[in-house]
Amino acid sequence: MSRFEPKIIGFLCNWCSYAGADLAGMSRIHYPHNIRIIRVMCSGRVDPAFILEAFELGADGVLVAGCHLGDCHYTTGNLKAQRRFIMLKALLEQLGIEPERLKLEWISAAEGEKFARAIREMVEELKKLGLVPLMKRMRCDRSSKLKTPVAKRSYDFMDRIKLLKLSCKSSTLSFSISISQSG
Ligand code: FES
């Protein structure tokens, strides 16, 4: 049995998924302790750079959870999150990170069991995947001043993401168009 305990960063929307996680806790539903929760007002608030930074800083998986489609308290926030999710999966693949490490779930305030199940399943899947290969190498290469081409390329890519983020503040759509044009 694997001893690897993956670290998961969970961005949970305040109105639905955070309340769902709270319900799981209050109902004493068991779920693994591998998740660190960051409460955001809406899943649409989760900037793609937050997710990339979570992986860069050592997360093994990232969960974005929000209200069910049609229930977002800001009307279209979760639709934006859904579009970003598709784009980010492709980006992660280019960075050498398995896209399965990023999950998007719709969890209402009444779905404590669903929240717990999502974490259990995610932990199982991440245990099978193991450490993030590229990020592990990047962390090692920090001390050797980015000598390997793959690490250098990855840092260049991160820089590009940061620049894209600055130049595409207005919408997720323009952000994704710029990504595809710059590739
Ligand atoms: S308020 Fe929950 S996803 Fe927008």
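Everything that follows concerns the structure shown earlier in this document.
The structure displayed is predicted, hence computed values, not measured ones.

Engineer: Quick question: what am I supposed to make of the overall build of the protein here?
Structural biologist: Secondary structure assignment for the protein yields 7 helices and 4 strands. For the protein, the α and β elements follow one another from N to C terminus as β-α-β-α-β-α-β-α-α-α-α. Residue burial in the protein is summarised as follows: out of 183 residues, 38% are buried. Pairs at least 24 residues apart make up 74% of the contacts formed inside the protein by residues separated by at least 6 positions.

Engineer: Looking at this model, I keep getting lost on the sheet that holds strand 3 (residues 61-66). Mind explaining?
Structural biologist: If you walk across this open sheet you meet the 4 strands as 2-1-3-4, and the pairing is parallel. Two strands lie at the open edges of the sheet, namely strand 2 (35-40) and strand 4 (102-106), each paired on one side alone. Averaged over all pairs of adjacent strands, the angle between their axes in this sheet comes to 20°, without regard to strand direction. Sheet topology note: the strand 3/strand 4 ladder contains 5 bridges and is parallel.

Engineer: Sorry, what's going on with the environment of R45 here?
Structural biologist: Along the chain, the position of R45 falls in the loop between strand 2 and helix 2 (48-56). Using a count of 17 C-beta atoms within 10 Å as the deciding quantity, one classes R45 as partly exposed. Beyond its immediate stretch of four places on either side in the chain, R45 contacts V40 and G77.

Engineer: What exactly am I supposed to notice about helix 4 (residues 112-129) here?
Structural biologist: The α-helix advances 3.6 residues per turn, and as a result positions three or four apart in sequence lie on the same side. For helix 4, built from 18 residues, the straight-helix expectation of 26 Å at 1.5 Å per residue is met to within 8% by its first-to-last C-alpha distance of 26 Å. Buried within helix 4 are the following residues: G112, F115, A116, A118, I119, M122, V123 and L126. Seen along its axis, helix 4 keeps its buried residues to an arc of 155°; they face one direction. Exposed residues on helix 4 whose side chains face more than 90 degrees from its buried face are E121, E124 and K128. The inward-facing, buried residues of helix 4 contact strand 1 (8-13), helix 1 (17-26), strand 2, strand 3 and strand 4. In the stretch just after helix 4, G130 is the one whose phi turns positive, near 80°.

Engineer: How should the packing of helix 1 against helix 4 be read in this particular structure?
Structural biologist: The description of two packed helices rests on the angle between their axes and on the distance between the axes. Axis separation between helix 1 and helix 4 bottoms out at 7 Å; the angle between their running directions is 90°. Put simply, helix 1 runs roughly perpendicular to helix 4. Residues S17, G20, A21, L23 and A24 of helix 1 lie in contact with helix 4, whose contacting residues are G112, K114, F115 and A116. Here the residues of the contact of helix 1 with helix 4 are counted per class, giving 5 nonpolar, 3 polar and 1 charged.

Engineer: Is there a simple way to explain the nonpolar core in this structure?
Structural biologist: The tendency in soluble globular proteins is for nonpolar side chains to be buried side by side. The biggest cluster of nonpolar side chains holds 43 residues, and the ones touching the most others in it are C13, I51, F55, V62 and V64. Contributing elements (two or more residues each) for this core: strand 1, helix 1, strand 2, helix 2, strand 3, helix 3 (77-94), strand 4 and helix 4. The dominant element in this core, judged by the number of residues it contributes, is helix 4, at 7 residues. In contact with C13, other than residues within four places in its own chain, are Y18, V40, M41, C42, S43, A65, G66 and C67.

So, how was this worked out
Residues numbered from 1 in each chain as written. Predicted model: local features only at pLDDT ≥ 70, side-chain atom pairs only at ≥ 80, totals over all residues. Helix = DSSP H or I, 4+ residues; strand = E, 2+ residues; numbered from the N terminus. Buried ≥ 20, exposed ≤ 12 C-beta atoms within 10 Å, placed from the backbone. Contact = placed C-beta atoms within 7 Å. Pairing = 2+ DSSP bridges. Axes fitted to C-alpha atoms, helices over the stretch in contact; angles between N-to-C directions. Expected span 1.5 Å × (residues − 1). Arc of directions from axis to C-beta. Parallel < 35°, antiparallel > 145°, perpendicular 65-115°, else oblique. Nonpolar A, V, L, I, M, F, W, Y, C, P; charged D, E, K, R; others polar. Core = buried A, V, L, I, M, F, W, Y, C linked by C-beta atoms within 7 Å.

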